[in-house]
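Coordinates in review
Given next are the chains, with one letter for each unit.
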Amino acid sequence: MKLLNRIHKKNILVVGDVMLDTYYTGEVRRISPEAPVPVFKKQGERYALGGAANVAANLAAAGQAVSIMALIGDDSYGKRMKELFSETGVNDSLISIWDRPTITKTRFLAENNQQVLRLDVEEGQKISEDVSERLFSTFESVVDDFDMILLSDYMKGLLTDGFTQKIIGAAKLYGKKVLVDVKDPAFEKYKGAYLLKPNQKELQSLTKMPVSTNEKIIEAAQYLMERAESDFVLTTCGAKGMLLVGKGIVYRLDTAGKSVYDVTGAGDTTIAYLTAGLANGMYITEAMKLSNFAAGIQVGKVGTSAVHLHEVEKTIHEGTGYKRKKVFRMNERKALAELLAQWKNAGETVVTTNGCFDIIHRGHISLLEEAKKYGDRLVVMVNSDASVRRLKGKSRPINKEEDRATVIAALDCVDAVMVFDPLMDNGMVTEAEIGRFTPELRKIAQEAPMGAVKFIAPDVHIKGGDYSADQVPEAVFAKKFFPVSFIEGYSTTKTIEKSRVQ
């Protein structure tokens with residue numbers, strides 16, 4: 001997966017609620033004689049950027065030129081935050097001082113990083129109209145300097161309904177996409193944003209709809225997308241991964257994390273890397289994969305911390321992240337449809353070919369490698385065991401469909417394998433669609449991948465042998481058809497015969 005060679009420095013503005021995360025480390029060895037509470041003996045402390053500040057830190061770690069617009073207090077914690085912004089490479093020139101303390105979250109961590117207490121200091125009232133107007137005036141003066149706008153709403157007073165809507169409206173006037181990490185259950189606040197990212201619980205609050213299954217999450221996300229007039233809704237589902245719903249696309253990813261140590265900050269990392277990918281021109285599902293890798297690294301860390309691009313690169317190269325599914329059985333059409341939609345929406349050319357592929361030989365490899373030359377993605381349709389028996393006789397196949405599909409999927413030139421059976425798939429082909437076929441071609445069509453090719457709707461369909469399009473019935477469902485010559489002397493039947501002679 002070549003994602004990181006497409007990441008370059010883009011100008012991204014984060015607007016949202018910032019906070020300082022403080023971690024006190026120590027030990028608990030006894031209960032207080034004054035009250036039945038543990039006595040925490042402090043041994044160390046560290047500070048980290050939290051909330052929208054953590055989003056900005058992750059964007060900087062992803063190699064982006066990031067600025068942040070936020071409010072902090074005129075206190076020691078605010079000064080510490082500005083020091084951390086400087087250390088992480090975040091431009092804090094748009095930071096303003098407000099008349100309240102800097103928001104802080106102090107966590108007490110005992111042995112094995114067990115959190116025994118959290119102390120929050122914050123005043124949650126919304127900013128005044130005067131402050132809102134002043135900040136918006138600043139935003140209008142700089143919005144055209146940025147490639148993308150990210151709103152990180154922690155509902156701590158900055159992103160009021162009016163201020164949020166003004167930002168989205170102004171950004172759209174300048175042709176800038178706005179991504180929002182949402183918290184407010186009133187979706188009208190985020191109306192018109194390009195993408196909304198709730199977690200599963202937040203999606204339920206936003207829509208008042210059940211979200212217990214993938215199907216229900218999709219329904220709720222589609223409802224939110226329509227009502228909020230957004231292009232996409234990305235729902236993060238904790239250990240279950242994430243699910244994207246957009247116009248004409250549904251795409252799900254399993255979590256890329258090998259182990260979950262601490263989910264603190266995972267959502268910040270997800271939205272940061274998603275924004276970095278989109279700002280660099282990645283198709284949204286590619287940016288989603290990138291963010292999934294990063295989030296998988298984040299949950300293996302303790303507390304809020306930035307995930308650096310080199311960490312993501314290492315994870316991808318080691319193969320420890322998400323691995324795309326390549327074999328799709330007959331009951332997995334929906335999952336294959338999602339993958340096909342991703343490719344087609346990205347403008348990639350889809351090529352199909354088919355066969356039994358019972359015992360793989362040089363002829364098969366040559367056919368598949370030649371087929372891949374006709375496009376960007378090659379989908380190989382492999383006959384089911386029942387279909388092979390009808391075509392080849394009761395003694396076939398030698399290898400089961402699962403084994404045949406797995407071997408084909410292992411080839412670098414193959415992007416997906418679809419197991420098909422004409423008795424099941426060809427039911428989606430109408431009589432009118434084959435009405436112009438000759439009686440001979442109708443007979444061939446009974447065991448041809450008619451329904452499978454109609455389902456995929458490829459740009460190019462490849463057939464091994466000396467054929468014309470009017471001799472291949474399934475070719476009617478492809479935009480183009482090309483025959484590819486076989487290498488003479490190779491076939492599964494001849495391989496079987498040779499083994500029997502020996």
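These notes cover the structure that comes with them.

How each quantity is defined
Residues numbered from 1 in each chain as written. Predicted model: local features only at pLDDT ≥ 70, side-chain atom pairs only at ≥ 80, totals over all residues. Heavy atoms only, no water. Pairing = 2+ DSSP bridges. Helix = DSSP H or I, 4+ residues; strand = E, 2+ residues; numbered from the N terminus. Contact = heavy atoms within 4.5 Å. Axes fitted to C-alpha atoms, helices over the stretch in contact; angles between N-to-C directions. Phe/Tyr/Trp six-rings, centres within 6.5 Å; stacked < 30°, edge-to-face > 60°. Buried < 20%, exposed > 50% of the residue type's maximum accessible area, 1.4 Å probe, protein only. Lys NZ or Arg CZ within 6 Å of the ring centre and 35° of its normal.

Next up on the list: the sheet that holds strand E15 (residues 327-328). Taken together, six strands build an open sheet; the order of strands is E15-E18-E17-E16-E19-E20 and the sheet is parallel. Strands at the two margins of the open sheet, each flanked by one partner only, are E15 and strand E20 (480-484). Two strands pair when backbone bridges link them, and E15 and strand E18 (residues 416-420) are joined in this way by two bridges, in the parallel orientation. Note on E18: the bridge partner recorded for valine 327 is valine 417. Across the sheet, helix H11 (residues 362-372) lies against strand E16 (350-355), strand E17 (377-383), strand E19 (460-464) and E20, angled at about 145 degrees from E17, the strand it touches most. Along the sheet, helix H13 (residues 401-409) makes contact with E15, E17 and E18, crossing E18 at roughly 160 degrees.

Below, the discussion takes up the packing of aromatic side chains. Overall, the coordinates contain five aromatic pairs when judged by the stated rule. Relative to phenylalanine 139, the ring of phenylalanine 136 lies with its centre 6.3 Å away and its plane at 20 degrees, an arrangement referred to as stacked. One end of the pair, phenylalanine 136, and the other, phenylalanine 139, are both in helix H3 (residues 129-142), three residues apart, so they sit about a helical turn from each other. Grouping residues by exposure puts phenylalanine 136 and phenylalanine 139 together as buried. Here the aromatic rings of tyrosine 374 and phenylalanine 482 are separated by 4.9 Å at their centres, their planes lie at 25 degrees, and the arrangement is stacked. With tyrosine 374 in the loop between H11 and E17 and phenylalanine 482 in strand E20, the pair connects residues that are 108 residues apart, well separated along the chain. By the ring-pair criterion, three or more aromatic residues cluster together here, those being Tyr24, Phe40 and Phe108. Lying across the ring of tyrosine 47, arginine 80 places its NZ or CZ 4.2 Å from the centre. Above the plane of the ring of tyrosine 154 lies lysine 183, whose end atom (NZ or CZ) is 4.5 Å from the centre.

Now for unusual backbone geometry. Cis geometry marks the peptide bond from arginine 396 to proline 397; its omega dihedral reads 5 degrees. Relative to the helices and strands, proline 397 is located in the loop between helix H12 (385-392) and H13. At glutamate 229, a residue that is not glycine, the phi angle is positive and equals roughly 55 degrees. Here glutamate 229 is to be found in the loop between helix H6 (214-227) and strand E12 (232-236). At alanine 457, a residue that is not glycine, the phi angle is positive and equals roughly 50 degrees.

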